Amino acid sequence: RAVLEALEEETENRFDINLRNQAVLSLREELIEVNEQIAALELEEGPNLERREALVARRIMLENKLEDRIDSLYVYERNSEGIEIERLLEDWLKTVIEYESAGARLRAMEEKQRDFMKEYRRFAPLGATLKRIERKIAVNEEAYLEILHHLGLARLKQQNADMMADMKVLDPPQIPIERSPTKRKILVVVITLFGGIFTVLAIFVLELLDRRIKNTTKLTQLTKLEAAVVFAREQATPKFDFEKLRYRSSRYMVDNITGALPPYQHFRPGIILLLSHWDEEGKSYVRRQIMEQLTDNGHFCYSMVYNLEDVADEGYPYLILNPRSLNDCKSYEEYLRIHHPAVYQKGGYALVEIPSVSDGITNTALLQSADLVYLIVDATRTWNQADKTYLHKLNQVIDKKLYPVLNKAHPDNMEDFIGEIPKRRNGIVRFVKHRLLKRYV
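Note that this is a predicted model, so its numbers are computed, not measured.

Criteria and cut-off values
Residues numbered from 1 in each chain as written. Predicted model: local features only at pLDDT ≥ 70, side-chain atom pairs only at ≥ 80, totals over all residues. Heavy atoms only, no water. Salt bridge = Lys/Arg side-chain N within 4 Å of Asp/Glu carboxyl O. Helix = DSSP H or I, 4+ residues; strand = E, 2+ residues; numbered from the N terminus. Buried < 20%, exposed > 50% of the residue type's maximum accessible area, 1.4 Å probe, protein only. Polar contact = N/O pair within 3.5 Å; in protein donor to acceptor, adjacent residues only side chain to side chain. Contact = heavy atoms within 4.5 Å. Pairing = 2+ DSSP bridges. Phe/Tyr/Trp six-rings, centres within 6.5 Å; stacked < 30°, edge-to-face > 60°. Expected span 1.5 Å × (residues − 1). Axes fitted to C-alpha atoms, helices over the stretch in contact; angles between N-to-C directions. Parallel < 35°, antiparallel > 145°, perpendicular 65-115°, else oblique. Nonpolar A, V, L, I, M, F, W, Y, C, P; charged D, E, K, R; others polar.

(A) Just the pattern of salt bridges, in detail. Applying the stated rule across the entire model yields twelve salt bridges. The residue Arg268 makes a salt bridge to Glu333 at a minimum N-O spacing of 4.0 Å. You can see Arg268 sitting in the loop between helix H7 (242-260) and strand E2 (270-275) and its partner Glu333 sitting in helix H10 (residues 332-339), a full 65 residues away along the chain. On the accessibility criterion, Arg268 (18% relative accessible area) is buried. Classification of Glu333 by relative accessible area gives partly exposed; the value is 23%. Taking the shortest distance from any N to any O, the salt bridge between Asp387 and Arg381 comes out at 2.9 Å. Its relative accessible area of 0% is what places Asp387 among the buried residues. Residue Arg381 is classed as buried on the basis of its relative accessible area of 15%. If you follow the salt bridges from partner to partner, you end up with Arg287, Arg288, Glu314 and Glu353 in one network.

(B) Fine view of unusual backbone geometry. Look at Lys214: it is not a glycine, yet its phi comes out positive at around 65°. Exposure remark for Lys214: the relative accessible area of 13% places this residue in the buried category. In this structure, Lys408 takes a positive phi of about 60° despite not being glycine. Counting through the fold element by element, Lys408 comes out in strand E7 (residues 402-409).

(C) Structural detail: the side chain of His277. Looking at the element boundaries, His277 is found in the loop between E2 and helix H8 (283-296). Exposure remark for His277: the relative accessible area of 1% places this residue in the buried category. For His277, the side chain forms a polar contact with the side chain of Asp387, separated by 2.9 Å. His277 has contacts with Ser356, Val357, Ser358, Leu375, Arg381, Trp383, Asp387, Tyr390, Leu391 and Leu394, leaving out every residue within four places of it along the chain.

(D) The arrangement of the pairing of E7 in detail. Of all eight residues making up E7, six are buried, and the element is well covered by its neighbours. Here strand E1 (residues 229-232) pairs with E7 via three bridges, running parallel. In the strand pairing of E7, Ala232 is matched with Ala409. Across six bridges, strand E6 (residues 372-378) lies against E7 in parallel orientation. Bridging across to E7, Leu375 finds its partner in Pro404.

(E) Spotlight on the packing of aromatic side chains. For the coordinates displayed, the defined rule picks out six aromatic pairs. With 6.2 Å between their ring centres and 35° between their planes, Phe194 and Phe198 make a pair best called tilted. Of this pair, Phe194 and Phe198 are both found in helix H5 (residues 184-209), four residues apart, which corresponds to roughly one turn of the helix. A relative accessible area of 43% places Phe194 in the partly exposed class. Judged by its relative accessible area of 53%, Phe198 falls in the exposed class. Centroid distance Phe300 to Tyr302: 5.4 Å. Interplanar angle 50°. Geometry classified as tilted.

(F) Quick look at H5. Between its first and last C-alpha atoms H5 spans 37 Å; for 26 residues at 1.5 Å apiece the expected length is 38 Å, and the two agree. Of all 26 residues making up H5, only zero are buried, and the element is barely covered by its neighbours.

(G) Spotlight on the packing of H7 against H8. At their nearest, the axes of H7 and H8 sit 9 Å apart, and the two run at 75° to each other. It follows from the interaxial angle that H7 and H8 lie roughly perpendicular. Where H7 approaches H8, its residues Arg246, Tyr247, Ser250, Arg251, Met253, Val254, Ile257 and Thr258 are matched on the opposing element by Tyr285, Val286, Gln289, Ile290, Gln293 and Leu294. In the contact of H7 with H8, the residues fall into eight nonpolar, four polar and two charged.

That is the geometry; function is a separate question.
This is how it looks when you write it as structure tokens:
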């Protein structure tokens, strides 16, 4: 429309040609009416082809008439800008046809939209109404089916009652005065007996399959050496008195040490060597227990370790071993006499903790120079072929007797070594243990 108005204004201003005269407007109105009818037919379902062809033919005729009318207005002159009046009128005619055709389609679609909105406003409420009616029908249908179901049950119950009313007992049951004897007691005894047997067999099989070291008896069988002492694996349970267990074990071990090495013997320290086949066996724990017990008994003692982290937080005297200086010595006594003469002259006991044997033995002379050698063994692990190999090497290197120490043992597995385990027991257990087992077993 903007293009059309611009062309009409250009034509009228420059060439004094009025494109809005009566003849042109009459043809445009007829063309608008025909375009509207064609657009209305296109929007309808199943349009009438014959009528549409007639209207298209009439539109073509009107366009030709409008073109002839415009041809009579041609003026073959040129304006000051060089624009031909012929080209201007042709553009105007083409724009008029496109504009009127598009306008007719737009008005037809707007009319169709108004009709559609009328139908929409009419039918939109009907959807909600239909859903409400369907829900009401569903409720009534469910209620009807429920009533029908109960009616069927009532009739079935009535029919059953009618059938039972006419029944007569032909052979009344004979109820015994006393109940028949049962085998319940025998079954209970048999089940209890078999349950106990299976429980004992299960425990026996589990013990046979368990390859852990666990107690000193098994440790002696594996190493062919007499165990020196056993330490408990402390747990977070109030059942056992771990303080008393730890005291008994450390006291027993210190008694062995002081019996074999009297304090201040020949004014030199007694060298006590602690070693193990593997790491994390508990050498530091055993050393701390010995240190605590020796200190409480008034003996002078100190630790000799390779790592400062092993003794930093203990609060007991210690010496850090220098591997280079140590390898140049033939014994720990020589190392103390050369590098720590003041400590050496005090005598006492020197507890030497060395790395695991699996890491290698660099100086066999040092092992031979120790007065006592304790092999720390973890009770929670198994004894394999590698342990046999390392033990054989130690027996060849150490000419003195090697004493195994069992660490991290369960308190119940310590009774054969330190006596009765201090723990809480109820009255029945104490009676069975002290009055029956100890007297008659």
